[in-house]
Amino acid sequence: MSDRPGVWALVTAVAPIAWGTTYFVTREYLPEGYPLYGALTRALPAGLLLLAIVRRRPHGSWWWKAIVLGTLNMGAFFVLVYLAAQLLPTSVASTVMAAAPVVMMLFAWVLLGATPRMAQVIAAAIGILGVALLLLAGTRAVDPGGVAASVAALAMSSLGYVLAQRWSAGIDAVSLTAWQLVAAGLILAPVAVAVEGAPPAMDVTTWLAYGYISIVGTAVAFVAWFTGLRNLGAGTVGLIGLLNPVTGVLLGTLVAGELLAPRQLLGVLIVLAAVVLGQPGISRVLVRLRAWMRA
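The structure displayed is predicted, hence computed values, not measured ones.

**Observations concerning the overall build of the protein chain**
Move 1: Helix and strand counts for the protein chain stand at 13 helices and zero strands.
Move 2: Ordering the α and β elements of the protein chain from the N terminus gives α-α-α-α-α-α-α-α-α-α-α-α-α.
Move 3: Buried residues in the protein chain amount to 53% of all 295 residues.
Move 4: Accessible surface, the protein chain as shown: approximately 13,100 Å² in total, 72% of it carbon and sulfur.

Now the structure itself:
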C-alpha cells in the first residue's frame, strides 16, 4: 500500500463525488427508456479518449480480462445504474450503492485474503447506519425495480473492483480504465441496436449531459477510483465510496428540490464520520489525540 494514504484518499474521493452527480444528470437531462444507449454513450467515448491518451493496447490475458471487468464494472453496471436513476429519486438511487464497503470487504477477504481492519469493520457498520437514515427517511415511495437494479449494480461492481485490484499489477490506471470502457462499449453497441432500435433524438442539452457523464463521471472518475484501489485497497476505497450518497443527497436537495429530513441530515454526518474513521492511520491519530487530552 502507499505511504501517502491521505493524498490517495483525496484522489479517490473524486470518483464517488462525480458518481453522485450522475444520478441527477441522468434523471433530469437524459432520455428515458434508453438504458443501453445511455450506457454505450457513457462508456465508449470515455474509453476511446483514454485509449488515445495512453496509447497502450491490451496484451495476453488482458484481452479476456478487459471483457470480464468491462462487463462487471461498466457495461452491465451502467445499464443498471441508468435504470435506477430513472426509477428512483436522486438521493435514494445513490444511497443504495453505499453498501459497497461491506460487499467489497467481503469479496476482498475471499478473493485477496485481505482481512478487514477492525476500524474498517466499525466504519462500515457506522456507514450502514448513516445510509439507513438517508434511505428510510425519504419523502417519496421507493420503486422496488429501481432498488433491485441498484443492488444488482452494487454486487457486480464490487466483485469487478476486487478482481481489478487482483489482476492489475503492472498496469497503469489509465490503461486499465480505457480497456474496460472500450470493451464495455463494443459489447453494448450491438445489443443497444438490437434491443432499442434507433438511438434517441438528442438536443444540445442532452449532448452536454452525455459529455459530462462520459468525461467527468466516467473517464476521470474511474481513473481516480482504480488509482485508489491500487494504493489503498478495496476496504478503504469502498468506505470512501460513501461520499457518493452524500453527494447525491446534497445535490438532490440543493438543485432538484428534494426535501432533506432531519434524519437524513444526521445520516449525512454519520456517513462522513464513517469515511474518516475507515482511513489508514486514523487509529494512530485517535491514540495521539487521546494522549494529548490526558496530558
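**Let's talk about a nonpolar patch on the surface**
Move 1: Nonpolar side chains collect at one region of the surface, where Val14, Leu49, Ile53, Tyr212, Ile215, Val216 and Val220 lie side by side and expose about 550 Å² of accessible area between them.
Move 2: If you list the elements that add at least two residues to the nonpolar patch, you get α2 (35-54) and α9 (204-232).
Move 3: Residue contributions to the nonpolar patch peak at four residues, all from α9.
Move 4: On the secondary structure map, valine 220 appears in helix α9.
Move 5: A relative accessible area of 43% places valine 220 in the partly exposed class.

**Side note on the pattern of salt bridges**
Move 1: Here the structure, examined in full by the defined rule, presents one salt bridge.
Move 2: Put simply, aspartate 172 and arginine 56 hold a salt bridge, and the shortest N to O gap is 3.1 Å. Of this pair, aspartate 172 sits in the loop between α7 (144-167) and α8 (173-196) while arginine 56 is found in the loop between α2 and α3 (62-87), placing the two residues 116 residues apart along the sequence.

**Considering the packing of α2 against α9**
The relative placement of two packed helices comes down to the angle between their axes together with the axis-to-axis distance.
Move 1: For the pair α2 and α9, the least separation of the axes is 9 Å and the interaxial angle reads 55°. In terms of orientation, α2 lies oblique with respect to α9. In the crossing of α2 with α9, the sense of the turn from one axis to the other is right-handed. Between α2 and α9, the contacting residues are Tyr37, Gly38, Thr41, Arg42, Pro45, Ala46, Leu49 and Leu50 on the first element and Tyr210, Ile213, Ser214, Ile215, Gly217, Thr218, Ala219, Phe222 and Val223 on the second.
Move 2: For the contact of α2 with α9, the per-class residue count stands at eleven nonpolar, five polar and one charged.

**Digging into the packing of aromatic side chains**
Here a ring pair, both rings aromatic, is described through the centre-centre distance and the interplanar angle of the planes.
Move 1: Using the criterion set out here, one finds eleven aromatic pairs in the structure.
Move 2: Over the ring of phenylalanine 78 we find arginine 42, and its NZ or CZ is 4.1 Å from the ring centre.

**So, α3**
Move 1: In this model, α3 (26 residues) spans 35 Å end to end at C-alpha, consistent with the 38 Å of a helix rising 1.5 Å per residue.
Move 2: At threonine 71, α3 shows its strongest bend, of approximately 55°.

**A word on α7**
Move 1: Here α7 is 24 residues long and its end C-alpha atoms lie 35 Å apart, about the 34 Å a rise of 1.5 Å per residue gives.
Move 2: Two or three places before glycine 145, at the opening of α7, aspartate 143 has a side-chain oxygen 2.7 Å from that residue's backbone nitrogen.

**Let's talk about the confidence of the model for the protein chain**
Move 1: For the protein chain, the mean per-residue pLDDT works out to 84, and 87% of the residues sit at or above 70.
Move 2: The lowest-confidence element of the protein chain is helix α13 (residues 282-294), averaging 55 in pLDDT; the highest-confidence one is α8, averaging 96.

**Section: the nonpolar core**
Move 1: With 72 residues, the main nonpolar core has Phe78, Tyr161, Trp225, Phe226 and Leu229 as its most contacted residues.
Move 2: With residues near it in sequence (within four places) discarded, tryptophan 225 still touches Thr12, Ala15, Pro16, Trp19, Met104, Tyr161, Val237 and Gly241.
Move 3: Ranked by size, the runner-up nonpolar core spans eight residues in total, among them Leu30, Ala209, Tyr210 and Ile213.

**Observations regarding unusual backbone geometry**
Move 1: Its identity is not glycine, yet arginine 55 carries a phi of approximately 50°, on the positive side.
Move 2: Looking at the secondary structure, you find arginine 55 in the loop between α2 and α3.
Move 3: Classification of arginine 55 as exposed rests on a relative accessible area of 76%.

**Some details on the side chain of threonine 41**
Move 1: Of note, threonine 41 is situated in helix α2.
Move 2: Polar contacts involving the side chain of threonine 41 include one to the main-chain carbonyl oxygen of tyrosine 37, which spans 2.7 Å.
Move 3: With residues near it in sequence (within four places) discarded, threonine 41 still touches Tyr210 and Ser214.

Definitions and cut-offs
Residues numbered from 1 in each chain as written. Predicted model: local features only at pLDDT ≥ 70, side-chain atom pairs only at ≥ 80, totals over all residues. Heavy atoms only, no water. Helix = DSSP H or I, 4+ residues; strand = E, 2+ residues; numbered from the N terminus. Buried < 20%, exposed > 50% of the residue type's maximum accessible area, 1.4 Å probe, protein only. Areas by Shrake-Rupley, 256 points an atom, 1.4 Å probe, with all protein chains shown as cover. Patch = residues over 30% accessible without salt bridge, like charges linked within 9 Å, V, L, I, M, F, W, Y side chains within 5 Å. Salt bridge = Lys/Arg side-chain N within 4 Å of Asp/Glu carboxyl O. Axes fitted to C-alpha atoms, helices over the stretch in contact; angles between N-to-C directions. Parallel < 35°, antiparallel > 145°, perpendicular 65-115°, else oblique. Left-handed = near helix turned anticlockwise from the far one by under 90°. Contact = heavy atoms within 4.5 Å. Nonpolar A, V, L, I, M, F, W, Y, C, P; charged D, E, K, R; others polar. Phe/Tyr/Trp six-rings, centres within 6.5 Å; stacked < 30°, edge-to-face > 60°. Lys NZ or Arg CZ within 6 Å of the ring centre and 35° of its normal. Expected span 1.5 Å × (residues − 1). Bend = angle between axes of the 7 residues up to and from the residue. Polar contact = N/O pair within 3.5 Å; in protein donor to acceptor, adjacent residues only side chain to side chain. pLDDT = per-residue confidence, 0-100. Core = buried A, V, L, I, M, F, W, Y, C linked by side-chain atoms within 4.5 Å.

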